[in-house]
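Structure assessment
Residues per chain, in single letters:
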Amino acid sequence: PAGTTRKLVFSLCWHSPYARFGKGSTYKRRYTSFFGDSGPEQQLSSTGGGLSVSTTPSPPLASDGTAPQTVVTLTKDCLADYKLWRENIENWQNPILNDPDSPSWYKTALFNELYYLVEGGS
């Protein structure tokens, strides 16, 4: 109705189970311990030189070949638990973010650019 405000909660999620680094190293992302790492190698099978979707019951593949059910599960969990996740993240970050002795570059690198630290700046 006119003059009212509503809150809409949504989740944007993608399934990218592997981290690949500049020197060729590949690692499974942590969330795969909980949601799996299903990808095209587990969803496609070879049939006479071509590829076909596995006959096991599963939803169609996403355009990148990953199993969309993983994304659906991740999204459902996110929507169900986002308040708790936000609270835990704030409790983890606030002591550092509110520390006047920590420079802003350190705070930014620590929480927004860990990939840079992990990969050694390359």
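Residues numbered from 1 in each chain as written. Predicted model: local features only at pLDDT ≥ 70, side-chain atom pairs only at ≥ 80, totals over all residues. Heavy atoms only, no water.

Regarding the overall build of the protein chain
Along its length, the protein chain carries 5 helices and 4 strands. When the elements of the protein chain are put in sequence order from the N terminus, they spell out β-β-α-α-β-β-α-α-α. When the accessible surface of the protein chain is split by element, carbon and sulfur atoms take 57% of a total near 9,600 Å². (Helix = DSSP H or I, 4+ residues; strand = E, 2+ residues; numbered from the N terminus. Areas by Shrake-Rupley, 256 points an atom, 1.4 Å probe, with all protein chains shown as cover.)

Re the side chain of T75
Considering the arrangement of structural elements, one finds T75 in helix α3 (residues 68–97). Leaving out residues up to four positions away in the same chain, T75 has contacts with S11 and C13. (Contact = heavy atoms within 4.5 Å.)

Some points on the packing of aromatic side chains
Applying the stated rule across the entire model yields 2 aromatic pairs. Considering the side-chain rings of W105 and Y106, the 6.1 Å spacing of their centres and the 85 degrees angle between planes classify their relative orientation as edge-to-face. With a relative accessible area of 62%, W105 lands in the exposed category. (Phe/Tyr/Trp six-rings, centres within 6.5 Å; stacked < 30°, edge-to-face > 60°. Buried < 20%, exposed > 50% of the residue type's maximum accessible area, 1.4 Å probe, protein only.)

Focus on the environment of P17
Of note, P17 is situated in the segment before β1 (18–20). A sequence separation of 16 residues divides P17 from S33, and the C-alpha atoms of the two residues are 9.9 Å apart.

As for the layout of surface pockets
Put simply, the largest pocket is a space of about 480 Å³. Around the largest pocket sit S11, L12, C13, W14, F35, L74, C78, W85, I89 and W92, which together line it. Top contributing element to the lining of the largest pocket by residue count: α3, with 5 residues. Each residue belonging to the lining of the largest pocket can be placed in one class, and the counts come to 9 nonpolar, 1 polar and no charged. When its volume is computed, the second largest pocket comes out at roughly 150 Å³. Forming the walls of the second largest pocket are R29, R30 and Y31. (1 Å grid on protein atoms, 1.4 Å probe; cavity = no way out; pocket = protein on both sides within 12 Å on 5 of 7 lines; lining within 4 Å. Points joined across faces, edges and corners; volume = space filled by probe spheres on them. Nonpolar A, V, L, I, M, F, W, Y, C, P; charged D, E, K, R; others polar.)

Some points on the environment of D77
Within the secondary structure layout, D77 lies in helix α3. Along the sequence, D77 and S11 sit 66 residues apart, while their C-alpha atoms lie 9.8 Å from each other. Other than its neighbours up to four places away in sequence, D77 contacts F35 and W85.

Observations concerning a nonpolar patch on the surface
A cluster of nonpolar side chains, namely L8, F10, L12 and W14, defines an oily patch on the protein surface of about 620 Å² accessible area. With respect to the helices, strands and loops of the structure, L12 is situated in the segment before β1. (Patch = residues over 30% accessible without salt bridge, like charges linked within 9 Å, V, L, I, M, F, W, Y side chains within 5 Å. Salt bridge = Lys/Arg side-chain N within 4 Å of Asp/Glu carboxyl O.)

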